[in-house]
Number of protein chains: 2
Amino acid sequence: AAPLAAPAIAQEMPEIRWRLTSSFPKSLDTIYGAAEVMAESVKAMTGGKFTIQVFPAGEIVPGLQALDAVQSETVECNHTCSYYYVGKDPTFAIGTAIPFGLNVRQQNSWLYEAGGQDLMDAFYANYGVRGFACGNTGVQMGGWWRSEINSLADIKGKKMRIAGLAGKVMEKIGVVPQQIAGGDIYPSLEKGTIDSAEWVGPYDDEKLGFYQVAKFYYYPGFWEAGPTLHFMVNNKKYDELPEAYKTALRVACSHSNDVTMAKYDAKNRLAIRSLVGKGVQLRPFPRDVLDAAYAATQELYAELSSTNENWKKIYEPWKQYREESFQWFRVAEYTLDSYGYAMQAAGK
Amino acid sequence: AAPLAAPAIAQEMPEIRWRLTSSFPKSLDTIYGAAEVMAESVKAMTGGKFTIQVFPAGEIVPGLQALDAVQSETVECNHTCSYYYVGKDPTFAIGTAIPFGLNVRQQNSWLYEAGGQDLMDAFYANYGVRGFACGNTGVQMGGWWRSEINSLADIKGKKMRIAGLAGKVMEKIGVVPQQIAGGDIYPSLEKGTIDSAEWVGPYDDEKLGFYQVAKFYYYPGFWEAGPTLHFMVNNKKYDELPEAYKTALRVACSHSNDVTMAKYDAKNRLAIRSLVGKGVQLRPFPRDVLDAAYAATQELYAELSSTNENWKKIYEPWKQYREESFQWFRVAEYTLDSYGYAMQAAGK
């Protein structure tokens, strides 16, 4: 007799177990949690059939090797920031954030609705992966400084823990960028080995205690307007998934993108108050620092466009999108934000 | 012989078919589409087992009866704005948007991470439903005006198509609010039966052609900073769902919330350029109009808090959240937006 056919449902919903290597430690609970939110959603929606186990940075591979681990199929997927891989190609930075770039909504709309995702995935394909937006921190802070910065002159020669394209921009305006792992920042700031360090924003920064050794907290972190976290998946593994699981991954990443931003917005609002209560001195970067950094950024982008075809191919339409998007946001969104914040500042 | 036991998977993933009544016509493709994005995601993620058929306003019940239809179990769910039901209780407005309220990110973080969802669901439970955020338009425009508004005096006595709490605020500052269905706005503006009408934003407004009969397009729509669309579901029907489907609904709504905002941001950026190209005159509301409306809004909220316990219970923590959230957004987010937009305005 013919064997019983497996029920259709069992073929549609196979048991699949993946491993995800995060670029983040568990202590960064919101960023790290963005991968957990995604994985738990996928598991629940597939009735437990498709599970993705999340490993913190260092358990399988170090945090900054998360792309390599997916490319080599050590794991099927990761949770990371594309800009960690600017050493391979600076084009990676555009997927997460480049200095004076898009804010969160602009970044999402560029990725989802204006060709950004396709452009980035075509580039990521050179590394055998694709990337889904999976969380955002919002505009980050401009870091902790041991002394006040009253003008561009004050920033010259300062040693700052900052990496990537942001480090290159800071270098152009006289800062000495330093590459220091997260755990070494506090002692370096305390000893004065460095003068400044950027990390994330109030919620994450407060936990690391930087305010105890550097009391000036500058804003805005102009190098990260809407930094996108990524769920990256090996293309071969992704292509093997049934359609239901592909959709579950995409939808769960988007969900995590939505709620992770909400988490940061809720947590940072409390942390900034707490920090100010602890004596932290909030300071805006002086205008001449921003102007010098803005000019240095344009210079850097011109250099990259003239030497890197990958960069140019994505940066040029990105730049046009930024131009158009800024024009629209300046109309309704910015005007209403401005009015509301002005009324609050006036005590009304 | 004993009948074959149904496989466990079939119990976990039963066939369920729901109907959704939308408050929107198909012509509002982005808003209407937000329900389709949600429904298609749920269907795909459940391997076609859980389907939600979306019906445009009017096919099952009129758009503004979408809540009643869910409460009475005519359909299992809807896609609507909670503020359409302010006639039942003004408290409904807080779920979508109230004048000078929260922007999109602030609204999301209040709902998801600061108790807003629980407060609103406890209130919606009086009507037998719960509501998930499922799309947003961003700050809307301040409507189409047949003549220029140069000061508060110019607005007095003007007949404006505007409803809900926004209509009450406008009435307090001298406007005569009019309730007119979407399809009647264009002829009313054309004939001069009304002087002004608000609709949504550039993308939706352009399709209705208002620019042909009222050339002044004001901003910002201060009554809708981050208007949240809702997927409302009958609580009894929701409670009957398997956990996998509950999660699928929640995650798919959040996904739609994420991408619908991105769609509007991408589409509006093009539509605003197109409208300006057609001779539309963009104008900010004069400061005295905003100031009068802001004061009228505070007056309205005080009245509601003194007469409506439901309102007070939600509005008071909402107001505190707004205060704290505005303080944080003024630091990093607003400063960087301001700088970028100022540089663009300066041609840099």
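Scroll up to find the structure this text is about.
Calculation notes
- Residues numbered from 1 in each chain as written.
- Chains lettered and ligands numbered in written order.
- Predicted model: local features only at pLDDT ≥ 70, side-chain atom pairs only at ≥ 80, totals over all residues.
- Heavy atoms only, no water.
- Helix = DSSP H or I, 4+ residues; strand = E, 2+ residues; numbered from the N terminus.
- Rg over C-alpha atoms; globule rule 2.2 N^0.38 Å.
- Buried < 20%, exposed > 50% of the residue type's maximum accessible area, 1.4 Å probe, protein only.
- Contact = heavy atoms within 4.5 Å.
- Areas by Shrake-Rupley, 256 points an atom, 1.4 Å probe, with all protein chains shown as cover.
- Disulfide = S-S within 2.5 Å.
- Expected span 1.5 Å × (residues − 1).
- Axes fitted to C-alpha atoms, helices over the stretch in contact; angles between N-to-C directions.
- Left-handed = near helix turned anticlockwise from the far one by under 90°.
- Nonpolar A, V, L, I, M, F, W, Y, C, P; charged D, E, K, R; others polar.
- Least-squares fit on C-alpha atoms with pLDDT ≥ 70 in both.

*Asks:* I'm lost on the overall build of chain A in this one. Help?
*Replies:* Looking only at helices and strands, chain A features 15 helices and 11 strands. The C-alpha radius of gyration computed for chain A amounts to 21 Å, which stays within 12% of the reference 20 Å derived for 348 residues, consistent with globular compactness. Taken along its principal axes, the extent of the C-alpha atoms in chain A is 85 × 45 × 45 Å. For chain A, the proportion of its 348 residues judged to be buried stands at 62%. Contacts spanning at least 24 positions in sequence make up 77% of the contacts within chain A whose residues lie at least 6 apart. By element, 49% of the accessible surface of chain A is carried by carbon and sulfur atoms, the whole surface being about 12,600 Å².

*Asks:* I keep staring at the state of the cysteines and nothing clicks. Help me out?
*Replies:* Two cysteines joined by a covalent bond between their sulfur atoms form a disulfide. Following the criterion strictly, the structure yields zero disulfides over all chains and no others. Cys134 of chain A takes part in no disulfide bond, and the closest cysteine sulfur, belonging to Cys253 of chain A, lies 4.2 Å away.

*Asks:* Whenever I open this one, helix H15 (residues 332-345) of chain B confuses me. Can you help?
*Replies:* Residue pairs spaced three or four apart in an α-helix point in one direction, given the helix's 3.6 residues per turn. Residue and element names in this part refer to chain B. Compared with the 20 Å implied by 1.5 Å per residue over 14 residues, the 20 Å span of H15 between its first and last C-alpha is a close match. Burial of H15 is extensive: 12 of the 14 residues sit out of reach of the surface. Buried within H15 are the following residues: Ala332, Glu333, Tyr334, Thr335, Leu336, Asp337, Ser338, Tyr339, Gly340, Tyr341, Met343 and Gln344. The positive-phi residue at the C-terminal boundary of H15 is Gly347, with phi of around 75 degrees.

*Asks:* What is the right way to look at the packing of helix H2 (residues 29-45) of chain A against helix H12 (residues 243-277) of chain A in this model?
*Replies:* Relative placement of two packed helices is described by the angle separating their axes and the distance separating the axes. Residue and element names in this part refer to chain A. With their axes 8 Å apart at the nearest point, H2 and H12 run at an angle of 145 degrees to one another. Considering the relative orientation of H2 and H12, their crossing is right-handed. Across the interface between the two elements, Asp29, Thr30, Ile31, Ala34, Val37, Met38, Ser41, Val42 and Met45 of H2 pack against Ala248, Leu249, Ala252, Cys253, His255, Ser256, Val259, Thr260, Lys263, Tyr264 and Lys267 of H12. Among the residues making up the contact of H2 with H12, the classes are represented as 12 nonpolar, five polar and three charged.

*Asks:* What's the story with the relation of the copies chain A and chain B in this structure? I'm lost.
*Replies:* By a simple turn and slide, chain A fits onto chain B: the slide is 0.0 Å along the axis, the RMSD is 0.0 Å, and the turn is 180 degrees. Expressed as a symmetry operation, the mapping of one chain copy onto the other fits a two-fold axis. For chain A, the minimum C-alpha distance to the rotation axis belongs to His255 of chain A and amounts to 2.4 Å. A share of 99% of the interface residues of chain A reappears at the interface of chain B, consistent with the copies meeting face to face through the same patch.

*Asks:* Teacher, can you tell me more about H2 of chain A here?
*Replies:* Residues and elements named next belong to chain A. With 17 residues, H2 should reach 24 Å at 1.5 Å per residue; the first-to-last C-alpha distance of 23 Å fits that figure. Burial analysis of H2 places 12 of its 17 residues in the buried class, which makes it a mostly covered element. The complete set of buried residues in H2 reads Thr30, Ile31, Tyr32, Gly33, Ala34, Ala35, Val37, Met38, Ala39, Ser41, Val42 and Met45. Gly47 sits one or two positions beyond H2 and adopts a positive phi of about 60 degrees.

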